[in-house]
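Notes for the structure review
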There are 6 protein chains.
Amino acid sequence: MDIKKIISKTAAELDINYSNQGIFEIGVGEKLPKRSEIIEIIEEIRRLIFPGFFGSENTSIVPLDIFAGNELSIIYEKLYKQIKIALLFSLRDKKDRNKDELKGDSKSIDEISEELTLEFIKKLPKVQELILKDVEAELQGDPAASSLEEIIFSYPGIYAISIYRVAHVLYELKIPFIPRIMTEHAHSKTGIDINPGATIGEYFFIDHGTGIVIGETTTIGDHVKIYQGVTLGALSTMKGQELSGVKRHPTIENNVVIYANTTILGGETVVGEGSVVAGNTFLTQSVPANTTVSAYLPELKLKARRVKNK
Amino acid sequence: MDIKKIISKTAAELDINYSNQGIFEIGVGEKLPKRSEIIEIIEEIRRLIFPGFFGSENTSIVPLDIFAGNELSIIYEKLYKQIKIALLFSLRDKKDRNKDELKGDSKSIDEISEELTLEFIKKLPKVQELILKDVEAELQGDPAASSLEEIIFSYPGIYAISIYRVAHVLYELKIPFIPRIMTEHAHSKTGIDINPGATIGEYFFIDHGTGIVIGETTTIGDHVKIYQGVTLGALSTMKGQELSGVKRHPTIENNVVIYANTTILGGETVVGEGSVVAGNTFLTQSVPANTTVSAYLPELKLKARRVKNK
Amino acid sequence: MDIKKIISKTAAELDINYSNQGIFEIGVGEKLPKRSEIIEIIEEIRRLIFPGFFGSENTSIVPLDIFAGNELSIIYEKLYKQIKIALLFSLRDKKDRNKDELKGDSKSIDEISEELTLEFIKKLPKVQELILKDVEAELQGDPAASSLEEIIFSYPGIYAISIYRVAHVLYELKIPFIPRIMTEHAHSKTGIDINPGATIGEYFFIDHGTGIVIGETTTIGDHVKIYQGVTLGALSTMKGQELSGVKRHPTIENNVVIYANTTILGGETVVGEGSVVAGNTFLTQSVPANTTVSAYLPELKLKARRVKNK
Amino acid sequence: MDIKKIISKTAAELDINYSNQGIFEIGVGEKLPKRSEIIEIIEEIRRLIFPGFFGSENTSIVPLDIFAGNELSIIYEKLYKQIKIALLFSLRDKKDRNKDELKGDSKSIDEISEELTLEFIKKLPKVQELILKDVEAELQGDPAASSLEEIIFSYPGIYAISIYRVAHVLYELKIPFIPRIMTEHAHSKTGIDINPGATIGEYFFIDHGTGIVIGETTTIGDHVKIYQGVTLGALSTMKGQELSGVKRHPTIENNVVIYANTTILGGETVVGEGSVVAGNTFLTQSVPANTTVSAYLPELKLKARRVKNK
Amino acid sequence: MDIKKIISKTAAELDINYSNQGIFEIGVGEKLPKRSEIIEIIEEIRRLIFPGFFGSENTSIVPLDIFAGNELSIIYEKLYKQIKIALLFSLRDKKDRNKDELKGDSKSIDEISEELTLEFIKKLPKVQELILKDVEAELQGDPAASSLEEIIFSYPGIYAISIYRVAHVLYELKIPFIPRIMTEHAHSKTGIDINPGATIGEYFFIDHGTGIVIGETTTIGDHVKIYQGVTLGALSTMKGQELSGVKRHPTIENNVVIYANTTILGGETVVGEGSVVAGNTFLTQSVPANTTVSAYLPELKLKARRVKNK
Amino acid sequence: MDIKKIISKTAAELDINYSNQGIFEIGVGEKLPKRSEIIEIIEEIRRLIFPGFFGSENTSIVPLDIFAGNELSIIYEKLYKQIKIALLFSLRDKKDRNKDELKGDSKSIDEISEELTLEFIKKLPKVQELILKDVEAELQGDPAASSLEEIIFSYPGIYAISIYRVAHVLYELKIPFIPRIMTEHAHSKTGIDINPGATIGEYFFIDHGTGIVIGETTTIGDHVKIYQGVTLGALSTMKGQELSGVKRHPTIENNVVIYANTTILGGETVVGEGSVVAGNTFLTQSVPANTTVSAYLPELKLKARRVKNK
């Protein structure tokens, strides 16, 4: 049996698979958001927030209001397109009955996309301020950091937090697909998975980062520090889709520190203000304020010493 | 001492290093597989399996059998080339004595490469079906997932499992280098390291994923769920190469759930059907069916409460 | 309010943020090192160390001294540029008062940059030898490894260690920014975060790797093996910048093995020669030589069995 | 005066220029066709017409109906987009009063664009047949041509004629901008400027080509041969826009040959069937059938000898 | 003799050639201007002059003063670098004796480069105005032109004239290398070779263009029209370098028209105001004002008729 | 009728066209040379011949024998591949009967390709010397040239002659396709069409160049100067393929000058040593040595004056 025949035959089999699966019924002209475009948007926003750091060569001579205005218009242009695609596609998916009338009214999708994009644009100065506070927290928290520049350039924690802060704005504007594509991109680059729905206060500090998971309904206060391998997850994920929308991830109050490889689960689990959770701990119950907690009960002496050293 | 002289002198030193190390004796015309080409093959296969998601702009108007046929021929062309290079190179490496006669018979390598590539092509519809089941498992298991599209687009678990499923077919065809380059690419992107030799059943669910390691001789049943930071590893890896080929990684039966940051080691360790392993557990012994297990023995109350909450 | 006005207004707000933050006062002609260039340098060095593996197509016919000389000159050219930028920028940052006279004396920065780059170039044969020893350790340590070629091609451990070895040379030459950008690039690709300041002996073995953190003042002996998820960190990182320069990460002596997901903290913590630390352990005290240690005290039987199996 | 100020001041001056010139009043969301996309369309069509010649690597194994179907869908997708942009932009330009209502009726532009693109798609087999006849004419006419493959690969005449044949179909469908961008691209690559409006018969032969100009209202019969530097132009171009639409370029009947660097002008100038025009001739009057013509009257003997040699 | 030896031997031969030729003695750190960068500068300037036409996607929403300011700063950055390289290199070439002291005074080259770049930047609004007049001339002169947009997009005449206008400013600032690299790039794209030293008035019209040559000391008035294949050259170029700097190309006064393939030579040749030169003419003597000239003396009747038709 | 159906139907029509035309019967695994690769080879050779001019950044510090050796090995690698493809394809085309046995003997094609590539490599130093003489001729002949560097950088004449000199070596080695693809690339960039079969002496000078055509059997002596628009062509090209291999283009002896837009035709036409041919001349008869010739017989006075001026 020759190559061309095998190719034709296999193509026919795949075609049957396609038609058996709803996800491949893409109507003429319908499109999905483009991952590479969304990553481009992230990079433009990073250029805007940290001029001179990420590839804009002219930043030492351009008046910075001009630089910002130009970047904003590039971001607007790219984001508007993806938001419109995402809205159109998500409407197709969820409200099949209203599909036709919505399409006839395509101008209105244009207008909604324009409004949402402008809402986002207007929030960027505030987002920048938040991110600069995170950078400051990083500088104060890490003895190995030699300068703000080094942190901005190369710290994965700042990369992941920046993208979370951006994606969170889009999440709050209820834009589908795009916030998650953004944070998953950061996840891929850093090993830090912050769901765009999480609520995180100011001066958030992540060190090293790889393996950190912060779930969708997590609440984190100000000045919190989290180390690599920490999970803030759902206690029981067996029920799957039924739990959608319910608060199922922990609450971490102000000034808490959580050491490496610790797992904290459950929507009712609260780590109180100023508490410290040791590393490699599996925690599913709340911790009062100003407490040091470790799961290694038999090693009390060990723990005592560790606390003294601080 | 000037720059040109230092460059020439250092080059001579490196040249001595090269000639002292067998791996750099590459014969005229010999080649190594090309990583960037293999990554391209992965991307083409993803386009084939999920038309419209990863950069094929024309999917809303092309008849899908034509789309599939064209993608298959691109995959054939690229994969055939890399398989041939990998076979030629691996023969050089392992059977030095027969090298010359094998080269004289280069037509036969062409034929073997063609056959292996076609075997792979023929299995793609089946691979697609498996992957679509994994997507379904992801949708049912994750309350934060809002649609199949979001999962396909941005879930690292699906990315890593898809590539494992593809690489596993090549592993079973005993093609050298390529399966591992594929899964290590997924590892790099997701932090999920599934050895292409592992045996994994249907509806496999990975959440978040970063830090997951699944060893070469692991066996996993259907409907298994695994969270971030879980290792299914060898109990003792001290003996190194002596253990090559021996079953040295655990067996996980149907419907098992393993929570975050747990380590399960050993070829004789079996987690029985329907059991649940808590997070941050270090497990080197078997677990009977339908059991909940945690290493935190002294904290029984804690554990009990946690179990009740489910 | 129309789009152009919102863009102008938001740009003005960002401009205020810029001027309130010292990090954005970049003088005319001042530049920051370029991340993409530094990644290119890494790739060129990998080509130099492993000819034929990473995209240099002509390696089967080029005389290898010529190949090495050409690569060295490319590396020199690119690295010299980045070192000069990094030195100029770091002087701006730290010694503002001397800024003017330093700039007038720009020839001297040229000369220093040239010297430092040549120092680095001269050390590359030695670096290559170290890396080849690491490859050998990997081959002997991993039963799943089928050939040296596979390890070089696709093992994240080797990728991260290679880049650490390169970055460490630059760190010792006290070059700012660049070493950390290099190791953070490896961190992003592999999930392995080795600070360029760490001191690591020969035949270092990392398996799987994701989630490994090795801090700046860590000391590691020869023939050490470390698995995924292991942290060698600071005991207390609350004091932040005050600890800069102090030995605050552990010492790991020769022939130690540390299993998956274990956390070892503290500058006075020493794991003695030949000892083994089990997985999922949280360790903040020293371990004598030739000992097996695990934090799971209550599970003595379990541990006993595990140790027997080895 | 510092750089930033000069940049701001010059930008303001340019802004005044922009607002003084109607062509820069681009409304929000309005776009111009994209030259790079149109060139991509040309390249895809060349791939379709000559499979295997221009970068489609898989042509030796793909079933050719699948190849063609896939290429057609790519061409459809790209061309549809550009046609829609071109129509919208041209309407803006010419019928300003109806602009608003036209925009409200944007669905109809979608439909018109779809229809026009499909009309074009349907004509491609016919276009391919014409181009293959031109290739044949080239092979028969040029003693230096060694094979059809060489002609397809490297003859500028075939490049320019192919693109003319494609652009002419779009010209006849009255699509604005795109046909001219196509033929000017061919002009730039070959030095052959064929207006897409020209009417050209079968088996058209151009040798070398550089400097050939064929005007918009030129009519050329079958089996005509034209050499480098030949102009078929308007007699008087002084009246400019007044002549728009009038037949102002010559008519060349079947089997005519025109040698290098000859200029033939005027809408009433007809070169009759089977005639030959010598090189470096300036011709503004008609030539009867089967005649040899040259402007070098005093050199009759020379001309006679030249004709004998044929 | 094997491949590696032949390569080494041939390399040695080339090395001898290099050392025998002064042009390859490039000192450490010396550089030549980069052609690809200069082409990039041209493209940025075209984007600045015609916003929206050449790939700046955001032009429908960016405030145009911001757009212009950003483009200007990009142009400044790129051009400054190339001007500095060109000055340094040209000083090396011409004033070898002063080389050392000039290098010590490297700051002064920085300052000169900055000044020259700013001079250029300041002239861009004026250059834009000139080019817009050329576009207008093109629209009025060509009956086939359907809109200003079409001319800007696809007319080679406008492309070549625009680049000449830009290069001429740099020529007048006495910047070496760069002006010629610019006009030769236009030459390559359009077949129109305008020396950057030529003096050309307003409303210059070139139709089709291929084969046009305009020499360094040519003077052209306002409202001149030139067709394809026209040379305005030196009468005798036998003396080569001796003629450098002397006026050796013709003067074309206002409102002259020169038809296709005509050659006009000599520094004393003047075509008087309002005159018309027919096509395929070889002209080495001056023509009085308001005259129609053709070299085809024996064909007087023909010429008469042609003139009547106008 | 919907889009997918029209695409399928049109694809079927194209498929019929393909099967009716022999040129599209490409066997499995058969390939055509790749134009983009051949252009890459040209660029590498230019880098080799003029180090530092075309994008090799490291030329100020690399020892030049290392630079040359590395470039040679890149050229070998790329050229070998294309030569092998070209030979295999051309054998398919011409000797269909022996096809099968030739393929069985594929090693011999490997050997022949290796030999031919090495022959070419060995001639590169000689080719470089010839090209440097052409550069010198250009410098002496053009009063507008300010330096050797400017000529190498931007003169189309040197570009076209360099590529001709390279392609001519391949032509003499009887390699199919590749020489013509090379010279047509130069033709596209410069408007200068030199057939790779032409025989051209040393110190060849082309000014401006656009529109120059030099046919396959042309012979040109040393120190010849040719201006734009000059054709050295066949007298009668009506007989087409019958003339293949016959001397049909003119002979130009040493020290001849041919001015712009002149056409010289015929295999027996000889322009004798030291003669000068005026511009816009159509010449089909031989010219004795040391003569000035012009076709404008009636304008004797004009000609006389022109000659005096020289």
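Parameters at a glance
Residues numbered from 1 in each chain as written. Chains lettered and ligands numbered in written order. Predicted model: local features only at pLDDT ≥ 70, side-chain atom pairs only at ≥ 80, totals over all residues. Heavy atoms only, no water. Helix = DSSP H or I, 4+ residues; strand = E, 2+ residues; numbered from the N terminus. Contact = heavy atoms within 4.5 Å. Areas by Shrake-Rupley, 256 points an atom, 1.4 Å probe, with all protein chains shown as cover. Pairing = 2+ DSSP bridges. Least-squares fit on C-alpha atoms with pLDDT ≥ 70 in both. Buried area = accessible area lost by both parts, 1.4 Å probe. Salt bridge = Lys/Arg side-chain N within 4 Å of Asp/Glu carboxyl O. Polar contact = N/O pair within 3.5 Å; in protein donor to acceptor, adjacent residues only side chain to side chain. Phe/Tyr/Trp six-rings, centres within 6.5 Å; stacked < 30°, edge-to-face > 60°. Buried < 20%, exposed > 50% of the residue type's maximum accessible area, 1.4 Å probe, protein only. Nonpolar A, V, L, I, M, F, W, Y, C, P; charged D, E, K, R; others polar. Expected span 1.5 Å × (residues − 1). Axes fitted to C-alpha atoms, helices over the stretch in contact; angles between N-to-C directions. Parallel < 35°, antiparallel > 145°, perpendicular 65-115°, else oblique. pLDDT = per-residue confidence, 0-100. Patch = residues over 30% accessible without salt bridge, like charges linked within 9 Å, V, L, I, M, F, W, Y side chains within 5 Å. Lys, Arg positive; Asp, Glu negative; His and termini not counted. Charge placed at Lys NZ, Arg CZ, Asp CG, Glu CD.

When its secondary structure is counted, chain A shows nine helices and 14 strands. Nonlocal contacts in chain A, meaning residues at least 24 apart in sequence, comprise 49% of its contacts between residues at least 6 apart. Of the accessible surface of chain A, which amounts to about 10,800 Å², a share of 50% is contributed by carbon and sulfur atoms.

All names here are of chain B. Taken in spatial order, the four strands of this open sheet run β2-β5-β8-β11, and their pairing is parallel. Among the strands making up the open sheet, the edge pair consists of β2 (199-200) and β11 (270-271). Inspection of the sheet shows strand β8 (residues 251-252) paired to β11 by two bridges, in the parallel sense. When the bridges of β11 are listed, Thr251 appears paired with Val270.

Bringing the relation of the copies chain F and chain D into the picture now. For the match of chain F to chain D, the screw axis carries a shift of 0.0 Å, the RMSD comes to 0.0 Å, and the turn is 120 degrees. Each copy turns onto its partner about a three-fold axis. In this assembly the copies use different faces: only 8% of the residues contributing to the interface of chain F also contribute to that of chain D.

A few words on the interface of chain F and chain D. Taken together, the contacts link 61 residues of chain F with 63 residues of chain D. Roughly 5,500 Å² of surface becomes buried between chain F and chain D when both sides are summed, with 63% attributable to carbon and sulfur atoms. On the surface where chain F and chain D come into contact, there are zero salt bridges. If you look at where chain F meets chain D, you find 13 residue pairs in polar contact (both at pLDDT 80 or more). Looking at the side of chain F that touches chain D, the elements that each hand over two or more residues are α1 (3-20), α3 (64-94) and α8 (178-190) of chain F.

All names here are of chain C. Taken as a whole and assessed by the stated rule, the structure comprises 60 aromatic pairs over all chains. Centre to centre, the rings of Tyr76 and Tyr80 are 5.9 Å apart; their planes meet at 10 degrees, and the pair counts as stacked. Remark: Tyr80 and Tyr76 occur in helix α3 (residues 64-94); sequence separation between them is four residues, near one turn of the helix. Assessed through its relative accessible area of 3%, Tyr76 is described here as buried. Given a relative accessible area of 19%, Tyr80 falls into the buried group.

Time to look at the interface of chain C and chain A. If you look at the interface, chain C gives 61 residues, while chain A gives 63 residues. Regarding the contact of chain C and chain A, the summed buried area is about 5,500 Å², with carbon and sulfur atoms giving 63% of it. Considering only the side of chain C, the residues that lose the most area to chain A are Tyr18, Ile23 and Phe282 of chain C, jointly responsible for 12% of the buried surface there. At the surface where chain C touches chain A, the tally comes to zero salt bridges. At the junction of chain C and chain A, the tally comes to 13 residue pairs in polar contact (both at pLDDT 80 or more). Every element with two or more residues in the side of chain C that touches chain A is listed here: α1 (3-20), α3 and α8 (178-190) of chain C. Looking at the side of chain C that touches chain A residue by residue, the classes come out as 23 nonpolar, 25 polar and 13 charged.

Once that is clear, we can look at the sheet that holds strand β13 (residues 282-283) of chain B. All names here are of chain B. Reading across the sheet, the five strands line up as β1-β4-β7-β10-β13 and stay open at both edges, with parallel pairing between neighbours. Of all the strands in the sheet, the pair left with one neighbour each is β1 (193-194) and β13. Of the pairings in the sheet, the one linking strand β4 (residues 213-214) to strand β7 (residues 231-233) comprises two bridges and is parallel in character. From the neighbouring strand, Val213 faces β7, where its bridge partner is Thr231.

Residues and elements named next belong to chain C. Compared with an ideal rise of 1.5 Å per residue, which puts 13 residues at 18 Å, α8 spans 18 Å between its outermost C-alpha atoms and is within 8% of the ideal. Judged by how many residues are buried, α8 sits mostly within the fold: 12 of 13 residues are covered. Of the residues making up α8, those classed as buried are Ile178, Pro179, Arg180, Ile181, Met182, Thr183, Glu184, His185, Ala186, His187, Ser188 and Thr190.

Residues and elements named next belong to chain D. On the secondary structure map, Tyr203 appears in the loop between β2 (199-200) and β3 (205-206). For the pair Tyr203 and Asn17, spaced 186 residues apart in sequence, the C-alpha to C-alpha distance is 49 Å. Beyond its immediate stretch of four places on either side in the chain, Tyr203 contacts Lys133, Asp134, Glu136, Ala137, His223 and Val224.

This next bit is on the relation of the copies chain C and chain A. With an RMSD of 0.0 Å, the fit of chain C onto chain A corresponds to turning through 120 degrees and sliding 0.0 Å along the axis. Each copy contacts the other with its own distinct surface, as only 8% of the interface residues of chain C are interface residues in chain A too.

Residue and element names in this part refer to chain A. Across the interface, helix α2 (residues 35-49) lies against helix α8 (residues 178-190) with an axial gap of 10 Å and an inter-helix angle of 70 degrees. It follows that α2 is roughly perpendicular to α8 by the angle criterion. Touching Arg35, Ile38, Ile39, Ile41 and Ile42 of α2 are Ile178, Ile181, Met182 and His185, all from α8. Looking at the contact of α2 with α8, its residues break down into seven nonpolar, one polar and one charged.

Residue and element names in this part refer to chain A. Chain-level pLDDT for chain A is 86 on average; 86% of the residues reach the 70-or-more range. Across residues 94-104 the pLDDT falls below 50, and counting only partners more than four positions away or on other chains, this stretch makes five contacts in the model. When the criterion is pLDDT under 50, residues 297-310 qualifies, and its contacts beyond four places in sequence or with other chains add up to 26 contacts.

This brings us to the environment of Thr269 of chain C. Residues and elements named next belong to chain C. Note that Thr269 resides in the loop between β10 (263-265) and β11 (270-271). Sequence separation between Thr269 and Val224 is 45 residues; the distance between their C-alpha atoms is 16 Å. Among residues more than four places away in sequence, those in contact with Thr269 are Pro250, Thr251, Ile264, Thr284, Gln285 and Ser286.

The grouping of Asp2 of chain A together with Glu111, Glu114 and Glu115 of chain B at the surface amounts to a negative patch. Considering the arrangement of structural elements, one finds Glu114 of chain B in helix α5 (residues 106-141). Looking at Glu114 of chain B, the relative accessible area reads 31%, which means it is partly exposed.

Moving on to helix α2 (residues 35-49) of chain D. Residues and elements named next belong to chain D. Along its 15 residues, α2 runs 21 Å from first to last C-alpha, staying within 8% of the 21 Å computed at 1.5 Å per residue. A large share of α2 lies buried, amounting to 11 of its 15 residues. Ile38, Ile39, Ile41, Ile42, Glu43, Glu44, Ile45, Arg46, Arg47, Leu48 and Ile49 are the residues of α2 that are buried.

Turning to the side chain of Asp134 of chain B, a few remarks are in order. Residues and elements named next belong to chain B. Relative to the elements of secondary structure, Asp134 occurs in helix α5. There is a polar contact of 3.0 Å between the side chain of Asp134 and the backbone nitrogen of Phe204. When near neighbours in sequence (up to four residues on either side) are disregarded, Asp134 contacts Ile158, Ile161, Arg165, Glu202, Tyr203 and Phe204.

The backbone of Asn255 of chain A sits at a positive phi, close to 65 degrees, despite the residue not being glycine. Mapped onto the elements of the fold, Asn255 of chain A is located in the loop between β8 (251-252) and β9 (257-258). Residue class for Asn255 of chain A comes out partly exposed when judged on its relative accessible area of 39%. With phi around 50 degrees, Tyr203 of chain D is a residue other than glycine that occupies positive phi space.

The subject of this paragraph is the environment of Val230 of chain D. All names here are of chain D. The residue Val230 is located in the loop between β6 (225-226) and β7 (231-233) in this model. Judged by relative accessible area, which is 1%, Val230 ranks as buried. With 32 residues separating them along the chain, Val230 and Thr262 place their C-alpha atoms 4.7 Å apart. The residues touching Val230, leaving out its near neighbours within four places in the chain, are Gly211, Ile212, Val213, Ile258, Tyr259, Ala260, Asn261 and Thr262.

A word on the packing of helix α2 (residues 35-49) of chain E against helix α7 (residues 156-172) of chain E. All names here are of chain E. In contact at an axis separation of 11 Å, α2 and α7 are set at 105 degrees when each is read in the N-to-C sense. Our classification of the angle between α2 and α7 gives roughly perpendicular. Here Ile42, Glu43, Ile45 and Arg46 of α2 lie close against α7, whose contacting residues are Tyr159, Ile163 and Val166. Of the residues that constitute the contact of α2 with α7, the class distribution is five nonpolar, no polar and two charged.

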